[in-house]
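# Residue-level structural notes
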Amino acid sequence: MLIRRLAEEGRLSGAVVAGGFVWLAGQVADDATLDAEGQTADILRQVDALLAEAGTDKRALVSVTVVLADIRDAPGMNRAWDAWLDPAHKPARMTIEAPLVDPAWKVEITGVALAPAA
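My aim in this report is to walk through the structure given alongside it, one point at a time. (Residues numbered from 1 in each chain as written. Predicted model: local features only at pLDDT ≥ 70, side-chain atom pairs only at ≥ 80, totals over all residues. Heavy atoms only, no water.)

### Some details on the packing of aromatic side chains
Here a ring pair, both rings aromatic, is described through the centre-centre distance and the interplanar angle of the planes. Put simply, the rule reads: The pairing test for Phe, Tyr and Trp rings, Trp by its six-membered ring, is centres within 6.5 Å, and the orientation test on the planes gives stacked under 30 degrees, edge-to-face over 60, and tilted for anything in between. Summary of the burial criterion: residues with accessible area below 20% of their type's maximum are buried, those above 50% are exposed, and those between are partly exposed, where the area comes from a 1.4 Å probe applied to protein chains only. Counting from the N terminus, the helices are the DSSP runs of H or I reaching at least four residues and the strands are the DSSP runs of E reaching at least two. Look at NZ for Lys and CZ for Arg. If either is within 6 Å of the ring centre and within 35 degrees of the ring normal, a charge sits over the ring.
Inspection of every chain in the model, using the stated rule, returns two aromatic pairs. Consider the rings of F21 and W23, whose centres lie 5.7 Å apart with planes at 55°: the pair is tilted. Given a relative accessible area of 29%, F21 falls into the partly exposed group. You can call W23 partly exposed: its relative accessible area is 43%. Relative to W84, the ring of W81 lies with its centre 5.2 Å away and its plane at 55°, an arrangement referred to as tilted. Taken together, the residues W81 and W84, both in helix α2 (residues 74-84) and three residues apart, mark about one turn of the helix. Each of the two residues, W81 as well as W84, counts as buried. Positioned above the aromatic ring of W81 is the side chain of R93, whose terminal nitrogen or guanidinium carbon lies 4.9 Å from the ring centre.

### Structural notes on unusual backbone geometry
Positive phi, close to 50°, is recorded for A7, a residue that is not glycine. Checked against the element boundaries, A7 lands in strand β1 (residues 4-8). With a relative accessible area of 37%, A7 lands in the partly exposed category.

Bear in mind that shape data such as this cannot, by itself, settle questions of function.
Given below as structure tokens:
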């Protein structure tokens, strides 16, 4: 089985392409000083870039999990999400509240997309 690892870092890959899917690692904002809406927009730009590197795009997302450090940030996160979302290709989505590793992070997003046919 072919496995492609994208955007590798010390402990993880930013995405892994395997078994017909693109598995996204939890993505966090490059600029942690932004509010939740800004961090979400930053993360979604990263998601777009990873999916493009995998040969696909957000229309292929089948499932997304959004983790908020504070659930009260949901309206700001949703504004950025709604501005980014292709309304004809909505993935299944879950949003939860949980502590994040860095207290400056307000949002972390992971997901799974269909990979392009080989």
